Amino acid sequence: MDRPVKCAIALTVNGTLHELLSEPRRTLLEVLREDLGLTGAKEGCGVGGCGTCTVLLDGKPVRACLTLAAEAQGGEILTIEGLADLWPGNAPEDLHPIQEAFVEGHGIQCGFCTPGMILSAKALLDETPDPTEVQIREAISGQVCRCTGYAKIVDSIQDAARRLGGGETGR
Ligand code: FES
Ligand code: FES
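**Quick look at the confidence of the model for the protein**
- On average, residues of the protein carry a pLDDT of 95, and 96% of them reach 70 or more.
- A low-confidence stretch, residues 167-171 stays under pLDDT 50, and its non-local contacts, those more than four residues away or across chains, total 10 contacts.

This is how it looks when you write it as structure tokens:
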């Protein structure tokens, strides 16, 4: 039986460059979870419908289940594991203000959708620091949550906007 062809892939994830060999057909989600041990991005549907696999690529939300790892080369990938480090002065155990807002505002129940929700919220708040409720709902419209009914998530993102209020550097 032929061995699968592998190619060299270099991915910058949470500020660290990872060089690895991978089959060209493997998704970014597979490589993040299985090769790099970054299991924050979740596999829900696996076909682009639920948003649980969302990570940021150059600041924009992407479905990691639909993105080939090779396609993400050359970009900056942010997963939920790297988010808190972006906040100036954070100690390793500290959360990012968006995460704090979700915890304190009960925007999390089972947590399965939460990494994708929070990263989508970050992308929104980077572009629109004081979003309306409509803008928030639009930004998370591709993220499915089975637990919360979305109201607490919207509240949490509004609270995150207040907490961030001009405090975040351009990272
Ligand atoms: S797992 Fe990627 S969109 Fe559902
Ligand atoms: S908190 Fe359970 S799916 Fe959203």
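**Considerations on unusual backbone geometry**
- A positive phi angle, close to 50 degrees, is found at N14, a residue other than glycine.
- Turning to its location among the elements, N14 is positioned in the loop between strand 1 (7-13) and strand 2 (16-22).
- With a phi angle near 60 degrees, H106 is a residue other than glycine that sits in the positive phi range.
- Residue classification places H106 among the exposed positions, given a relative accessible area of 51%.

**So, the nonpolar core**
- The biggest cluster of nonpolar side chains holds 26 residues, and the ones touching the most others in it are I98, F102, M117, L125, I153 and I157.
- Those elements that provide at least two residues to this core are helix 2 (80-83), helix 3 (97-104), helix 4 (114-127) and helix 6 (151-164).
- Ranked by residues supplied to this core, first place goes to helix 4 with seven residues.
- Built from parts of two domains, this core gets at least three residues from each of domain 1 (7-82) and domain 2 (83-163).
- Ignoring anything within four residues of it in the chain, the contact list for M117 reads F102, I140, Q143, V144, C145, Y150 and I153.
- With 20 residues, the next largest nonpolar core counts L11, L36, A41 and C65 among its residues.

Rules used throughout
Residues numbered from 1 in each chain as written. Chains lettered and ligands numbered in written order. Predicted model: local features only at pLDDT ≥ 70, side-chain atom pairs only at ≥ 80, totals over all residues. Heavy atoms only, no water. pLDDT = per-residue confidence, 0-100. Contact = heavy atoms within 4.5 Å. Helix = DSSP H or I, 4+ residues; strand = E, 2+ residues; numbered from the N terminus. Buried < 20%, exposed > 50% of the residue type's maximum accessible area, 1.4 Å probe, protein only. Core = buried A, V, L, I, M, F, W, Y, C linked by side-chain atoms within 4.5 Å. Domains from an automatic or database assignment.

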